[in-house]
Every structure is written in C-alpha cells, then in structure tokens.
Amino acid sequence: MPIKYFLLPNYLNKDNSYHAKVKDQRTKNIEDLIDEMIESGSTVTKAEALAVLEEYHSAIERSILSGDSVSTPLFHIKSSITGRFDSETDAFDASRHQIRLNVQATKPFHELTKRIKTQKTTHEAPAPTPMDFKDMESMVVNQILTAGGVAQIKGNRLKIDPDDKEEGVFLMDEKKNTIRVEQYIRIKPKELIFMIPERLKGKKYTIEVRHYPRRSKKLRRGKLEQTLHLT
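Just so it is clear, the model here is predicted, and its values are computed rather than measured.

S.K.: Got a minute to help me understand the UniProt feature "domain: Bvu-2165-like IHF-HU-like DNA-binding" (unreviewed entry) in the protein chain in this structure?
M.R.: UniProt's entry tags residues 3-121 with the feature "domain: Bvu-2165-like IHF-HU-like DNA-binding" (unreviewed entry), counted in the numbering of this structure. Annotation note: span residues 3-121, helix share 29%, strand share 29%, distance between end C-alpha atoms 10 Å.

S.K.: Which parts of the structure should I look at to understand the confidence of the model for the protein chain?
M.R.: Do not read the fine detail of predicted coordinates wherever pLDDT is low. In the predicted model, the protein chain carries a mean pLDDT of 92, and the fraction of residues at 70 or more is 99%. Of all the helices and strands in the protein chain, strand 1 (residues 3-9) carries the lowest mean pLDDT, 87, while strand 14 (residues 191-195) carries the highest, 97.

S.K.: Where do I start with the sheet that holds strand 4 (residues 75-82) in this structure?
M.R.: Sheets are built from strands paired through backbone hydrogen bonds, the pairs being either parallel or antiparallel. The antiparallel open sheet is built from three strands, whose spatial order is 3-4-5. Each of the sheet's edge strands pairs with one partner strand only, and the pair in question is strand 3 (70-71) and strand 5 (98-105). As paired elements, strand 3 and strand 4 share two bridges and run antiparallel to each other. When the bridges of strand 4 are listed, V70 appears paired with I77. Sitting on the sheet, helix 2 (residues 46-65) is in contact with strand 3, strand 4 and strand 5, with an inclination near 30° to strand 4.

S.K.: Quick question: what am I supposed to make of the UniProt feature "domain: DUF4469" (unreviewed entry) in the protein chain here?
M.R.: Under the UniProt annotation, "domain: DUF4469" (unreviewed entry) lies at residues 134-219. From the first C-alpha to the last, residues 134-219 spans 25 Å; its make-up is 0% helix and 47% strand.

S.K.: How should the side chain of T72 be read in this particular structure?
M.R.: As for its placement among the helices and strands, T72 is situated in the loop between strand 3 and strand 4. What makes T72 buried here is its relative accessible area of 13%. Residues in contact with T72, not counting those within four places in the same chain, are Y56 and T106.

S.K.: Help me out: how do you make sense of the packing of aromatic side chains in this one?
M.R.: The geometry of two aromatic rings is summed up by the distance between their centres and the angle between their planes. Per the counting criterion, the structure on display carries two aromatic pairs. Ring plane angle 55° and centroid distance 6.4 Å describe the contact between F133 and F194, whose orientation is recorded as tilted. Here the residue F133 occupies a position in strand 7 (residues 129-135), and F194 occupies one in strand 14, the gap between them amounting to 61 residues. Considered together, F133 and F194 belong to a single accessibility category, that of buried residues. One cation-aromatic arrangement involves R210 over F170; the distance from NZ or CZ to the ring centre is 4.0 Å.

Rules used in this analysis
Residues numbered from 1 in each chain as written. Predicted model: local features only at pLDDT ≥ 70, side-chain atom pairs only at ≥ 80, totals over all residues. Heavy atoms only, no water. UniProt positions renumbered as here; feature names shortened; annotations may be inferred. Helix = DSSP H or I, 4+ residues; strand = E, 2+ residues; numbered from the N terminus. pLDDT = per-residue confidence, 0-100. Pairing = 2+ DSSP bridges. Contact = heavy atoms within 4.5 Å. Axes fitted to C-alpha atoms, helices over the stretch in contact; angles between N-to-C directions. Buried < 20%, exposed > 50% of the residue type's maximum accessible area, 1.4 Å probe, protein only. Phe/Tyr/Trp six-rings, centres within 6.5 Å; stacked < 30°, edge-to-face > 60°. Lys NZ or Arg CZ within 6 Å of the ring centre and 35° of its normal.

What follows is the structure, given as structure tokens:
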C-alpha cells in the first residue's frame with residue numbers, strides 16, 4: 001500500500017509554501033511482523049520466531065550494556081556521552097551527564113525510500129481509523145467475530161463516548177441492519193476492547209467506529225476494510 005499524505009500550509013515560512021503530513025500510518029509490533037512472516041509461507045512457528053527474537057534482543061541489550069556498538073543489516077547503534085566536563089580530572093556524573101544511544105538506519109535500509117509509493121489525499125477533519133479487529137475467542141484477526149465474545153479494535157482516533165448513542169462501535173450485516181455495541185472494557189485513542197452483542201443473526205458484518213471530534217458537531221465515521229464472518 002502507498003503512503004497516504006496531504007498538504008498543510010507551512011506557517012514557518014513566508015513564501016506561501018506547503019508541507020506534507022503522512023496520514024493514517026499503521027504501527028506494526030513484533031507479533032504483527034511474525035504473523036506476516038508466517039502468512040507469507042515461513043516454516044517457522046510463531047513460538048519459535050518469538051523465542052529467537054527475544055534472544056536476539058537480549059544479545060543486543062547485553063552488547064550495549066557492555067559498551068559495545070551494534071551493527072546489523074537494518075541499523076547501527078552506538079553510545080555517546082553528553083554534558084560538560086569541567087576539567088581533565090572530572091568524571092562522569094549522572095546528575096550532569098547523559099549516555100545517549102545513537103541509532104542510524106543502514107544504507108540498504110535507506111534505499112527502501114526509493115521503492116515506497118505515495119498517494120495524495122485531501123485533508124479532512126480527523127475520523128476514526130480502525131485497522132485491525134481481533135476476535136479474542138479465536139485470536140483471529142480481520143476474519144471472524146464471535147457473538148457474545150470479546151473483541152479488540154486497534155487503530156487511530158478510536159476514543160468514543162459510550163454514553164452518546166450516536167458514538168461507538170457499530171456492526172452492520174448484509175441487509176444494512178445495524179447493532180450498536182453497548183459494553184466496553186477499554187476505551188483508548190488507539191484501542192477499543194468490548195463485548196460483541198449476542199443478538200447477531202447475519203452471516204457477514206462490517207465494523208464502523210463513530211465519534212464526534214473535539215469542537216466539532218459533525219459525526220465522523222471510520223470503517224474497517226475487511227468484512228467479518230459470524231461464527
């Protein structure tokens with residue numbers, strides 16, 4: 001998928017220029033990357049991959065704590081010390097000096113920028129952006145939902161007011177029948193955890209998050225791209 005961006009006025013300059021702002025970037029964690037590896041046909045199991053990566057991260061940490069620098073195909077890490085030393089006999093003092101980690105992407109990794117595609121979009125008022133729906137009963141992502149079970153949505157601008165009947169998570173079947181989620185376990189800007197309603201009768205559902213942005217009277221809607229199948 002391309003990087004989506006829109007343009008905003010550059011108020012720091014007086015030449016009426018604009019600057020680009022990237023829109024709705026998805027953040028993938030280690031488990032997401034491992035899932036992607038497995039889906040692409042890797043013979044390594046998720047447990048094996050997690051175990052190897054944990055050891056890999058531990059080895060990097062031990063090297064940094066030993067004062068070594070680390071160089072991988074993706075990045076270089078090197079320690080440095082900042083702060084003023086008053087004389088040649090002065091020594092490191094944590095109240096006056098700091099150790100910093102300097103992380104730099106490698107040249108091959110920088111070369112990826114030449115292969116990234118872009119897509120210009122219009123600038124709109126912020127709207128919810130649900131990216132991943134996880135059915136906690138089966139732990140399957142963006143495929144199924146279990147009536148009466150627990151679900152998790154990850155994305156951006158997801159915080160809603162559960163007491164406002166126009167806001168929240170809504171499930172729509174093939175006939176456009178809509179059911180609003182009533183029970184929430186966690187409400188965060190990047191995560192919603194809730195109870196899936198039991199009274200679902202359709203076979204396929206789309207998920208929509210709705211909320212009113214601050215200082216706005218227009219209801220914003222964000223729909224999950226994938227269609228979910230009721231189990």
